[in-house]
Amino acid sequence: MRAAVYDRPGGPLRVLDVPDPEPAAHGVVVTVDSTGVCRSDWHTWLGHEDGVRLPHVLGHELAGRVVAVGGNVRRWTEGARVTTPFACGCGECEHCLAGRAQVCPRQTQPGASAWGSFAELVALDHADTNLVALPDDIDDDTAAALGCRLATAWRAVVDRARVLAGEWVSVHGCGGLGRAAVAVAASRGARVVAVDVSAAALAGARDAGAEVVLDAGDETAVPRGDVPSAVRAVTAGGAHAALDCLGSPTTCADAVRSLRPRGRHVQVGLLPPAAGRAVVPMERVIAAELDLLGSHGMAAADYPPLLAAVRSGELPVAGMVTRRLGLAEAGRALAELGAGTAPAGITVLHPGASPAAGART
């Protein structure tokens, strides 16, 4: 198969011919028809993820069909059209048995603990626990976006923040994940304030349902760069729920300080130590009785309500995928994420679409 391979942190991704994967006894091999380029991939590429063995293949948002099945798999056969969460559980621990595979202590992650979906084929572990059947009316690109950003946003907004209709929700960082969070919150009847420094990202957030957009770099919209004060002003006291969807010390602190008393903060964007430690204003957390919550993807068992919302049109996803590239463009797409020059919305790769024209960056 062809795969986009790199052999040092931040190094070039080269499209190479590599051996096809074999399924584990509990796993499957899936053709990759579409795979998203996510900020988590960027973190892994730069070496922010522990335990990655080089050379490596990134990618964890995917849609495809099962082409090989391990001998111990019971629920899946060749030809099944599937996606998977980015955090795959072991299927045996107390958390997996309770349907909480996203916090499995022995979880595996395609594109991190093993080679991922920036390739024509990907092996997925513990298929009976981790695969999600895709209905025919959800296309490959939308399904790839479900695997991380939409699923992660759904769980953060619906299950962790427990957002209610009429509540104010502030979303800090409006790239692919943030835009998905805006869309999910708006679909639940919330009033959304979107915060970013990118005009394109804010335009995408407005398209996704944000009632108010704040350019954190614009002194007229956010005097002195004081995002929390600006959010409290437009929400008449602060957000009921705030989500940091970028993952930086600044956006984390801004989100917490944007809350009204008894508000809920959900940390969704990764906060790797290499980016600096977030300073959470615990004095404010105590005085205002704020809830601080983490959200780590979503287990396969929890996908049915999300799929139903997408299929019914309750959660409109048209337009979230804004760019489609071949496998040879993976390195450029990652670099743009780091530089902040990636177009708004979600970029997907079609591994089978780019010609085998040798190794390219």
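For the structure itself, consult the block above.
First things first, this report covers the structure right here in the doc. The structure displayed is predicted, hence computed values, not measured ones. (Residues numbered from 1 in each chain as written. Predicted model: local features only at pLDDT ≥ 70, side-chain atom pairs only at ≥ 80, totals over all residues. Heavy atoms only, no water.)

**Things to note about the packing of helix α4 (residues 140-160) against helix α5 (residues 176-187)**
Under the convention used in this document: Fitted lines through C-alpha atoms give the axes, limited to the stretch in contact for helices. The angle between two N-to-C directions lies from 0 to 180 degrees. Helical segments are the DSSP runs of H or I of at least four residues, strand segments are the runs of E of at least two, and each set is numbered from the N terminus. With respect to orientation, any angle under 35 degrees is reported as roughly parallel, any angle over 145 as roughly antiparallel, any angle of 65 to 115 as roughly perpendicular, and every other angle as oblique. Two helices crossing with the near one rotated counterclockwise from the far one by less than a right angle form a left-handed crossing, whereas a clockwise rotation gives a right-handed crossing. By definition in these notes, contact holds between two residues if any of their heavy atoms fall within 4.5 Å.
At a closest axis distance of 8 Å, the pairing of α4 and α5 adopts a crossing angle of 50 degrees. Compared by their axis directions, α4 and α5 come out oblique. Both α4 and α5 take part in a crossing whose hand is right-handed. On α5, the residues that touch R149, L150, T152, A153, W154, V157 and V158 of α4 are G176, L177, A180, A181, V184 and A185.

**Brief notes about unusual backbone geometry**
Here the bond from L54 into P55 is cis, since omega is 0 degrees, no more than 30 degrees from zero. Mapped onto the elements of the fold, P55 is located in the loop between α1 (39-45) and β5 (56-57). A positive phi angle, close to 45 degrees, is found at H126, a residue other than glycine. Within the secondary structure, H126 sits in the loop between β8 (121-124) and α3 (127-130). A positive phi angle, close to 55 degrees, is found at A236, a residue other than glycine.

**A look at the packing of α4 against helix α10 (residues 303-312)**
Test applied: Amino acid classes used here: Ala, Val, Leu, Ile, Met, Phe, Trp, Tyr, Cys and Pro are nonpolar; Asp, Glu, Lys and Arg are charged; the rest, including Gly, are polar.
Look at α4 against α10: their axes get within 11 Å of each other, and the N-to-C directions meet at 115 degrees. The element α4 and its partner α10 pack so that their crossing is right-handed. Seen from α4, the contacting residues are T142, L146, G147, L150, A151 and W154; seen from α10, they are Y303, P305, L306, L307, A309 and V310. Residue classes in the contact of α4 with α10 are distributed as 10 nonpolar, two polar and no charged.

**Considerations on the pattern of salt bridges**
Where we set the bar: Just to be clear on terms, a salt bridge is a Lys or Arg side-chain nitrogen sitting within 4 Å of an Asp or Glu carboxyl oxygen. Exposure classes here rest on a 1.4 Å probe applied to the protein chains alone. A residue is buried below 20% of its type maximum, exposed above 50%, and partly exposed in between.
Counting across every chain of the model gives 15 salt bridges. Between R14 and D7 there is a salt bridge, and its shortest N-O distance comes to 4.0 Å. By relative accessible area, which is 35% here, R14 ends up partly exposed. Note on D7: relative accessible area 45%, which makes it partly exposed. Among the ionic pairs, R155 bridges to D159, the shortest N-O distance being 3.8 Å. Separated by four residues within a single helix, R155 and D159 lie in helix α4, roughly one turn from each other.

**So, the pairing of strand β17 (residues 346-350)**
Keep this limit in mind: Each pair of strands is called paired provided DSSP finds at least two bridges between the two strands.
Across the five residues of β17, four count as buried, placing the element largely inside the fold. With three bridges connecting them, strand β4 (residues 34-37) and β17 associate as antiparallel partners. Within β17, the residue paired with G36 across the bridge is V348. Where strand β16 (residues 321-326) lies against β17, five bridges are found, and the strand directions are parallel. Paired with R323 across the strands is T347, a residue of β17.

**Thoughts on helix α8 (residues 249-257)**
Burial in α8 covers these residues: T251, C252, A253, D254, A255 and V256. Those residues of α8 that are buried lie in contact with β10 (168-172), α7 (227-234), β13 (239-244), β14 (259-267), α9 (282-287) and β15 (291-294).

**Considering the side chain of T84**
This is how the line gets drawn: Here a polar contact is taken to be a pair of N or O atoms separated by no more than 3.5 Å, where protein atoms must pair a possible hydrogen donor with a possible acceptor and residues adjacent in sequence count only if both atoms sit in side chains.
By the element assignment, T84 lies in the loop between β7 (81-83) and α2 (94-97). Polar contacts involving the side chain of T84 include one to the main-chain carbonyl oxygen of N130, which spans 2.9 Å. In this structure, T84 is in contact with H60, L62, L124, N130, L131, G147 and Y303, ignoring residues within four places of it in sequence.

**Here we look at the environment of H56**
Topologically, H56 is positioned in strand β5. Between the C-alpha atoms of H56 and T44, which are 12 residues apart in sequence, the distance is 9.8 Å. In contact with H56, not counting residues within four places along its chain, are A4, V5, Y6, T44, G111, A112, A114 and W115. Among the polar contacts made by the side chain of H56, one reaches the main-chain carbonyl oxygen of G111 at a distance of 2.7 Å.

**Overview of the pairing of strand β1 (residues 2-6)**
Walk down a regular strand and you will see the side chains alternate between the two sheet faces. Burial analysis of β1 places five of its five residues in the buried class, which makes it a mostly covered element. The sheet contact formed by β1 and strand β2 (residues 14-17) spans four bridges and is antiparallel. Bridging from a neighbouring strand, V5 pairs with R14 of β2. In terms of strand pairing, β1 meets β5 through two bridges, oriented antiparallel. Of the residues in β5, the one forming a bridge with V5 is V57.

**As for a nonpolar patch on the surface**
Quick reminder of the rule: Like-charged residues are merged into a patch within 9 Å and nonpolar side chains (Val, Leu, Ile, Met, Phe, Trp, Tyr) within 5 Å, provided each residue has over 30% relative accessible area and no salt bridge. Using a 1.4 Å probe, accessible areas were evaluated by the Shrake-Rupley method; residue-level cover was limited to the displayed protein chains.
Together, M282, I286 and L292 line one region of the surface with nonpolar side chains, adding up to about 290 Å² of accessible area. If you trace the backbone, I286 turns up in helix α9.

**Examining α10**
Cut-off, in case you're wondering: When we speak of the arc, we mean the arc of directions from the helix axis to the C-beta atoms.
What α10 keeps buried is the set Y303, L306, L307, A309 and V310. Each buried residue of α10 sits inside an arc of 160 degrees when the element is viewed along its axis, so together they form one side. In the core, the buried residues of α10 are packed alongside β7, β9 (132-133) and α4. Where α10 ends, the next residue or the one after it, G313, has phi of about 90 degrees, a positive value.

**Some remarks on the sheet that holds β13**
Spatially, six strands are ordered β12-β11-β10-β13-β14-β15 in an open sheet, and the strand pairing comes out parallel. A strand with exactly one partner marks an edge of an open sheet, and here the two such strands are β12 (212-215) and β15. Taken pair by pair, the neighbouring strands of this sheet meet at an average axis angle of 20 degrees, ignoring direction. The pairing of β10 with strand β11 (residues 191-196) spans five bridges and is parallel. Of the residues in β11, the one forming a bridge with V171 is A194.

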